[in-house]
Amino acid sequence: MASRKLSFLEFWRSKKEREELLERANQLKLLPSQLRQLHSDSGVRAALQNSRLASLLPPCGRNVFRRFSPTSLREIQQPHEAEEKEPKKKKKKEVAEKDKPSGDLEAGKPLPFIYGDPPSELLNTPLEELDPHYQSQKTFIVIGKGNIIHRFSAESACYLLSPINPLRTVAIKILLHYLFHFFILATILTNCVFMTLNEPPAWSQTVEYVFIAIYTLEVIVKLVSRGVCVRRFTFLRDPWNWLDVMVIIPAYMEIFVSLGTFSLLSTIPRVLKIITVIPGLRTTVVALVQSLKRLAGVFVLMVFWISIFAMIGLQIFMGSLRQKCMMKLTFNRSDETEMSNWDFQAYINDPINWYHRPYHTDPLLCGNGSDAGVCPEGFYCQKGGRNPNYGYTNFDDFGWSVLSLLRVLTGDFWENLMLLTLRTAGKIHLSSFLVIFFPGCFCLVSLFVAVVAMASVEPEKVRVTEAKRKEEEFHRILEALKKRERPEQAVSEIEDGENKSEEQKLIEVPEKDQRSCSPCLFGFTDRFLKWNCCGCCPRLQAFVASPFFDLAIVICLIINTIFMAMEHYPMTMHFEEFLFTGTLVFTMIFTAEMAVKLVAMGLRGYFQVRLPVSWQLECYLDPYLSPYLSVYLYPHLSHAQLRVVRLARWWWSFQMLLKLMQISVRAVRNLTLLLLIMVFMFSVVGMELFGGDYRDNVCRISADCQLPRWHMYDFYHSFLIIARVLCGEWIETLWDCMEVSNDAMCLIFFMIVVIVGDMLALHLFLTLLLSSFSYECVTAPEPMEKNKDISRLHTAVASIKTWIVERVCPLQGKKKHVIPDHTGRKEYLALDLTSDQLASEHSTLSGDHGNLTGKYHKTESQRAPIADTEIEFKTPENEEKEKECDDVQKHPEVQQDKDDEDPKRNTPEDCCSDKYCCCCPFQDIDTSRGVGRVWFNFRRTCLTIVRHPFFEAFMVVVILLSSVALVFEDIHLPNRRVLRVVLEKADQVFTFVFLMEMLLKWIGLGLRRYFTDAWCWFDFLVLDVSLVFLAAGSIGFTGPSVLWSLRALMPLRAVSRFQGMRVVVHTLARTVPAMVSMLPVFLIVSLIFGICGVNMLAGKFYYCFNETADESFLSGDVENKTECMILTMENFTEVTWRNNRLNFDTVSQAYLSLLHVTVAYDWISVIYGAVDSVMVESQPIYEHHPSMYLFFICFLIVSSFFTFNLFIRVIIDKLQRDKICFFYFEGKLIFMTEQQEKYFKALKKRLSKEPQKSAPRPQSRCLAWVFDLVTRPCFEVVMVTVICLNMLVLMVETFDDSILKMEILYFFHFTFILIFFIEAILKITALRKHYFFDCLNVIDFVVIIAMTVALFIPDFIFMYFFSPNAIAVLRLGRIRRVLHLIPFTKGIRKLLLAFMMSLPAAFNISLLLTLNVFALSFFGMFNFAFVKKEGMIDDTFNFETFVNSLINVIAGVFRLGLNTRETMLYCDPDQENPGTAVRGDCGSLVATVVFAAISVVVIFLLTLHLFIAVLLETFSSEDAGPLSDGDLQMFYNTWRQFDPDASQFIQYSKLSDFCDALQDPLRIPKPNTIRLVHMDLPLLPGDKIHYSDVLLALAAQVSADQDMDALRGRMEEKFTAKASNEPISSTLRRKQEEVAAAVIQRAYRRHRGAEEA
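All figures in this text were calculated on a predicted structure; none of them were measured in a lab.

A.B. asks: Would you mind going over the overall build of the protein with me for this structure?
C.D. replies: When you go through the protein residue by residue, the secondary structure sums to 68 helices and twelve strands. The buried share of the protein, taken over its 1653 residues, is 47%. Residue pairs in contact within the protein that sit at least 24 positions apart in sequence constitute 74% of those at least 6 positions apart. Of the roughly 85,000 Å² of accessible surface on the protein, 62% is carried by carbon and sulfur atoms.

This is the structure in structure tokens:
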């Protein structure tokens, strides 16, 4: 059987197997006797002549490790001298024929196991070359610590020092010594500390000279040991050594000349030198650089699409953001002098004439459209002045348009850009964002994430492949050694070795599990703490091991957490003493717990408990170390907060989060360290580049000319800016930087930080997400028998429940309640082979070979033996998977879909349940005659009507019409009487229709079926709300607005009518339980940080506020609350002691503040309040406590990074489980309907084939010439080039173009229109009607007409529509035709194909998202129409109309919910709203909570993240699609090389070379022997193999959707001759025969040896 290629997520799920494989590969080692036999026995060498590793050994009888001596140098020089005398042509041929260097002997890799360990005296000593490729070159090797290979050039270093020179030998020893590396690392770190000094002391220059001397010494050592640059492996041939050159050259130059900002040329390499010193970092960087090759395609695609979007934005919104409200002027018409001297440009550019809103630095923008923003009275809208945000937010030229699109792409302050654009250009342009910008940017981001995730797999796959090859080589060597030994000795050693290995495996695994702690700690406890003081106290041991002991500890931990959460400000003395007493009591309890455990378990047993590092310290050291931590680290932190972490021992979800953090330290430590190095480097570079500019030009960005909070004058604040950029907020700091410094320099710096930092952060996030991705432990808790702590806790709870039932309930106490035994389940033996391997072994030894012809003709039959075996072998994991899949199949929605497909679907079911019929006997009537039959027929008619497609379509239309009617129920409805009457009548009609639908379903489906369907319940709820609304309206009653706002659920009734959205909702419903299990984890993490925040910041957010000036007092004017109260008592009633809206006075307030930080809404005020905090009841001081920034950074890392990682992993794993169950049991995809699946497969086959010509060639000679011209690839390339030139012309357009430039651009546009018009005429002439069969040609035709019309009437088109040049961007779609001509675009084509494959699922999710947005818009319009205009709510963007509400919902749903809540704190509940009976501008608290909760749960947390999961699944699919004609042509050409006679057969011995010579996706690289054997290919007489067998087997590996008959037919067109191909055997059977022969020979030799003895 051909092994199937693992998919993306399947590969990461096999983490345990991969780790075991890599560990085995690293521990491969031959015994000394085996090494001697391998190095000296020529018979073993002959048997291993095809082995890759054995071919690297020296000839038999020759020492493996030999010192590099003068004789060795002469032996190397002689061939080189002979080569120099040979002709150049002959030399080139020999060089071309030389073998490639061995990958196992590369520099930096450990020595292969076939050489053994070198003698200790030969370490760090020059040795002769081992690689045959380098033996003919002037190189030698040095084996360092850990048997690491280092390769050097044998040429004289610096033309003076030969390899045997003592000075060079000493330099090599110094270079490879670990103390030298440690010394260089310490020097670099010390130098980095001095880099952080903003104003270094005077003696720092002397320290700089010391650093330069040390770096110079390092370079000298490397030059002496390696040489300069003449040969390979010299100093300058290593790119990492260029960092040393870049360090010392600018350093010496700066001694004599001041370099200024160019001193960064020395600073950056010094920081990057850390990568070369720390082991493993260099490998990580190389792997990241290699992964960039896969990202090249997506980078090109992103640049292409961003350029397109930027050109569209340039053509549509050019100059629109310059429109602002300006003061109206009145002139005295009699004074002509004043009018003639008035400068209009100076007037509109003067900021004094602009209208500014309070607390806004930018003027109020406006537009001249009917749906644009309006100006207040006395002002008018005029285009002039600079753009918003220091003039950097605009679409005036291509560069600024790209910057604006990057904001949308990265999601940084994009809502501000959209609102500003809509305010000036009009709300109609919301469609530009919804149709073009948002979907395009979202898909690009998802595409980028998917490709980065797949690129992160490549290094791991290379490691696994290399480990498999090494293990295979090791077994081949062992097999060859055994064959050369004496039979009886070989057999005994083999049996002893196997038994020993099995025993070691069974013994070592438990030992490995027990030694989970660090070796140092285990050695210490094993040596000094191995004693047992409790041997005489079995009762105490039983007490500690009792489940009730764990339950008591858990209860104490929970009560202690509640006590900590009760702390608040202000507290009474009595309550404070109460909390202090409780803390002491709990401390005594946990101290007693530790003492009892020490006595019962002993020190060794106490420290042997398997606990993660996260809570080991708290468990062991809490009673002793924590008080000192609270005193010396931070006086406000209580040691009791560490106890909350202990709950993870009995809480699986919390335990997973801590394990995830532990894995991040171990698995991705190199990547994390690399990210920290980059953050440090960017912080230093930013401080040196822009620190002086922030100091000198601070008045440009600060009104009081003081440094703002976000600057780069010192290292700490520069680090904070880099951290903020990594969190996704970079645009505001970029504006400040460009305002105080050079624009180009700031753009380059911030773009590099965004790209590199986000790339590393994304790599870290995905690696962390995937590194611990296992099927068993991600979403499902460990079995009870594996997690003994949770098992004991469940046992204790079950025992208490049983006791309560038996004691309290006497009637039920007689029943025997059996406690489920979680520990008594059957233990499964942990075998070394997986079930798939067992199945393959079983099929190998007992496969059916009687029907070789059937195997030859059908690929499916080849899998039959394996499938049967796999059914027989059932592991606990498979049983659990089958059980889960059974649960999915029993899901009510899935069961309902099956019931709908029942052929008896038109037969009505029982109306009521059996219990109701028993209570009401008159319901049980005979339906075969009389009234019962009439009733039955009537019900069947109703059922037929309900299930008719036309009825469903009619109801969908009614739902849509009722939703459209809700649009008009805005704030202006009371003033529109006619419209109000029409809507009332329409509402009555809609309600009547829905009532009739419900009655029909009641009668047709029956009450039981109706009320057991969730969708029917939803319809019933919405209908009840409508009925209550009509009834209350008829009597003039007005109830709470929240109840009436439930009518906003009306659009969601359409979900049940569309199968695609139903599929998505069902999937969401299945993922909700898994996500809900992770929600308490986020709450407990926030609780821990909230308690810390309360301890540190409670009561410190108060400040003295001047209500008249609407500003707070400075700390120099008012220092504390007492002075503020004195001002109040002195009749300054406008002075108040006010608290911040977001504070940490209580745990609930801390939750809310941390929630703002998590969602990045108004989080700046929370952080600023914490940083300015001083003491309780003290006036805040500007940045008095800047270290508080680190508190919130730690919170974001833990809550947003790790917790969000856990959420995403749970979602993806749950979707994977459902996908497996649905695909294998139902044959369906979880996000697609049956019709969409058909479209998916048809589109997949269509797009995988190469385009074919559909238009016939004309018969006329002239038309034929034109046809040949327009169908040539070069013609298409030329036209695409012209299109790109047209786009370049569009890019150079700006808002401030001169008249001359506009005339030149007009000429270019006219030229391009003429060229495209000629092209269209030629194509229509040649292709005739077939021209319009291609959609790209139709787009060209429409663009030509639009641009031609716009050429003559441009003002009319631009005024009523938009620039026609924006339509010309559609022509870029023709680039798709030439993508196959560009070599590096193969990855881009695959990405586009994958994106097309995801469209059906993406459409379903997008449609559901749209309905949710509409429902939230209606809900906001009904509840927040009269909310006070503050914050994000103003006169243009509010909830007064549906369009405004829709824009606000799109701009930020959850942020609007928080903003509405905060507005309620400072609103007037008695405010009158003219024209309506509604009073107040506060809104409803209940509606606000519902609004925010729905927005988070439904839209952000579920739908959007689910959309990302769909894209990840699509791009990581292992199905490569059907083979294209190019793949078949490649197979045919390769086959001709191995079969020059076209006999259609090749020898079986050539099969391995043939599969290795193929190209992807059919290629199977060497070593491929095992995979080819398991293909079970039929063998024909003469050990030959037919081409069709090989092709079908390889095609089955590529994709499971291959049409084998069609594939064979397509290939037979190339092989015209027919050949007889009756098989006589197969590759699998041949391998079985060889194994059987070896067993027989071994038994025969054993028998002969026994007879001779």
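Read on for the rest.
A.B. asks: Help me understand the nonpolar core in this model?
C.D. replies: Note on soluble globular proteins: their nonpolar side chains tend to be buried together. Judged by nonpolar contacts, the single largest core of 261 residues is most densely connected at M418, F654, F749 and F1192. The biggest single contributor to this core is helix 46 (residues 1059–1097), with 18 residues. Setting aside chain neighbours within four positions, we find F1192 in contact with F1144, L1154, V1157, V1166, I1167 and A1170. Core analysis: the second largest hydrophobic core is formed by 28 residues, L28, L30, L48 and L57 among them.

A.B. asks: Is there a simple way to think about the state of the cysteines in this case?
C.D. replies: What the rule picks out here adds up to five disulfides. Here C325 is linked by a disulfide to C375, with a sulfur-sulfur distance of 2.1 Å. Its S-S torsion of approximately -95° makes the covalent link between C325 and C375 left-handed. Here the residue C325 occupies a position in strand 4 (residues 323–327), and C375 occupies one in the loop between helix 15 (344–348) and strand 5 (379–383), the gap between them amounting to 50 residues. There is a disulfide in this structure between C1104 and C1124, and the S-S distance comes to 2.2 Å.

A.B. asks: How do you make sense of a nonpolar patch on the surface when you look at a structure like this?
C.D. replies: On the surface, a nonpolar cluster with roughly 520 Å² of combined accessible area is contributed by Y209, Y252, I255, F256 and V257. At three residues, the largest contribution of residues to the nonpolar patch is made by helix 11 (residues 242–256). In this fold, Y209 is placed in helix 10 (residues 204–226). A residue is classified by how much of its surface remains accessible, and Y209, at 40% relative accessible area, is partly exposed.

A.B. asks: Sorry, what's going on with the sheet that holds strand 3 (residues 149–153) here?
C.D. replies: By way of backbone hydrogen bonds, the strands of a sheet pair with one another, either parallel or antiparallel. With antiparallel pairing, the three strands of this open sheet are ordered in space as 1-2-3. The sheet is open, and its two borders are formed by strand 1 (126–127) and strand 3, each paired with just one other strand. When strand 1 meets strand 2 (residues 139–143), the two strands line up antiparallel, connected through two bridges. When the sheet's bridge partners are listed, P126 is paired in strand 2 with V142. Where helix 8 (residues 166–176) meets the sheet, its contacts fall on strand 1, strand 2 and strand 3, and the angle it forms with strand 3 comes to roughly 145°.

A.B. asks: Is there a simple way to explain the pairing of strand 8 (residues 1135–1139) in this structure?
C.D. replies: When a strand is regular, its side chains alternate between the sheet's two faces. Only one face of strand 8 is covered, namely the one carrying V1135, W1137 and N1139; the face carrying T1136 and R1138 has none of its residues buried. Pairing between strand 6 (residues 1102–1106) and strand 8: five bridges, direction antiparallel. Of the residues in strand 8, the one forming a bridge with Y1103 is R1138.

A.B. asks: Could you clarify how one ought to interpret the packing of helix 19 (residues 430–455) against helix 20 (residues 457–484) in this entry?
C.D. replies: Packed helix pairs are characterised by how far apart their axes lie and by the angle those axes make with each other. At a closest axis distance of 5 Å, the pairing of helix 19 and helix 20 adopts a crossing angle of 20°. The angle between the axes of helix 19 and helix 20 places the two elements in the roughly parallel class. Across the interface between the two elements, A453, M454 and A455 of helix 19 pack against V457, E458 and P459 of helix 20. When grouped by side-chain class, the residues that make up the contact of helix 19 with helix 20 number five nonpolar, no polar and one charged.

A.B. asks: Could you clarify how one ought to interpret the pattern of salt bridges in this entry?
C.D. replies: Pairing is possible between side chains of opposite charge, provided their charged atoms come close. In the structure shown here, the tally under the stated rule is 33 salt bridges. With a closest N to O distance of 3.2 Å, D1019 and R1057 form a salt bridge. Here the residue D1019 occupies a position in helix 44 (residues 1014–1034), and R1057 occupies one in the loop between helix 45 (1041–1044) and helix 46, the gap between them amounting to 38 residues. The class of D1019 is buried, set by a relative accessible area of 5%. Taking the relative accessible area as the measure of exposure, R1057 reaches 13% and is therefore buried. Residues E1107 and R1138 are paired through a salt bridge, measuring 3.4 Å at the closest nitrogen-oxygen approach. Pair noted here: E1107 is in the loop between strand 6 and strand 7 (1111–1112) and R1138 is in strand 8, with a separation of 31 residues, a long-range link. The exposure class assigned to R1138 is partly exposed, which follows from its relative accessible area of 22%.

A.B. asks: Would you take a moment to explain helix 20 for this structure?
C.D. replies: Note on helix geometry: an α-helix contains 3.6 residues per turn, so any two residues three or four positions apart are oriented the same way. Between its terminal C-alpha atoms helix 20 stretches 41 Å, which fits the 40 Å expected from 28 residues at 1.5 Å a residue. Among all positions of helix 20, only V457, E460, V464, A467, R469, E471, E473, F474, I477, L478, A480 and L481 are buried.

A.B. asks: Any chance you could explain the environment of G1420 here in plain terms?
C.D. replies: On the secondary structure map, G1420 appears in helix 59 (residues 1399–1423). What makes G1420 buried here is its relative accessible area of 0%. Sequence spacing of G1420 and A1487 is 67 residues, and the spatial spacing of their C-alpha atoms is 8.6 Å.

A.B. asks: Honestly, the packing of aromatic side chains in this entry has me stumped. Any pointers?
C.D. replies: The geometry of an aromatic ring pair comes down to the distance between the two centres and the angle between the two planes. One pass over the full model with this rule turns up 55 aromatic pairs. Residues F1332 and F1341 carry aromatic rings whose centres are separated by 5.6 Å and whose planes lie at 80° to one another, so their mutual orientation is edge-to-face. Overall, F1332 belongs to the partly exposed group, its relative accessible area being 40%. Here F1341 falls in the partly exposed class, since its relative accessible area comes to 29%.

A.B. asks: I keep staring at the side chain of N1143 and nothing clicks. Help me out?
C.D. replies: Position of N1143 among the secondary structure elements: in the loop between strand 8 and helix 48 (1147–1159). Engagement of the side chain of N1143 in a polar contact is seen with the backbone oxygen of N1140, the distance being 2.9 Å.

A.B. asks: Just to check I follow, could you spell out the pairing of strand 3 for this structure?
C.D. replies: In terms of burial, strand 3 is largely enclosed, as four of its five residues are buried. The pairing of strand 2 with strand 3 spans five bridges and is classified as antiparallel. Directly across from I141, in strand 3, lies its bridge partner R151. Taking the residues that link successive antiparallel strands as the turn, the strand 2-strand 3 hairpin has five residues, and the phi of G146 there is positive, at about 75°.

How each quantity is defined
Residues numbered from 1 in each chain as written. Predicted model: local features only at pLDDT ≥ 70, side-chain atom pairs only at ≥ 80, totals over all residues. Heavy atoms only, no water. Helix = DSSP H or I, 4+ residues; strand = E, 2+ residues; numbered from the N terminus. Buried < 20%, exposed > 50% of the residue type's maximum accessible area, 1.4 Å probe, protein only. Contact = heavy atoms within 4.5 Å. Areas by Shrake-Rupley, 256 points an atom, 1.4 Å probe, with all protein chains shown as cover. Core = buried A, V, L, I, M, F, W, Y, C linked by side-chain atoms within 4.5 Å. Disulfide = S-S within 2.5 Å. Patch = residues over 30% accessible without salt bridge, like charges linked within 9 Å, V, L, I, M, F, W, Y side chains within 5 Å. Salt bridge = Lys/Arg side-chain N within 4 Å of Asp/Glu carboxyl O. Pairing = 2+ DSSP bridges. Axes fitted to C-alpha atoms, helices over the stretch in contact; angles between N-to-C directions. Parallel < 35°, antiparallel > 145°, perpendicular 65-115°, else oblique. Nonpolar A, V, L, I, M, F, W, Y, C, P; charged D, E, K, R; others polar. Expected span 1.5 Å × (residues − 1). Phe/Tyr/Trp six-rings, centres within 6.5 Å; stacked < 30°, edge-to-face > 60°. Polar contact = N/O pair within 3.5 Å; in protein donor to acceptor, adjacent residues only side chain to side chain.

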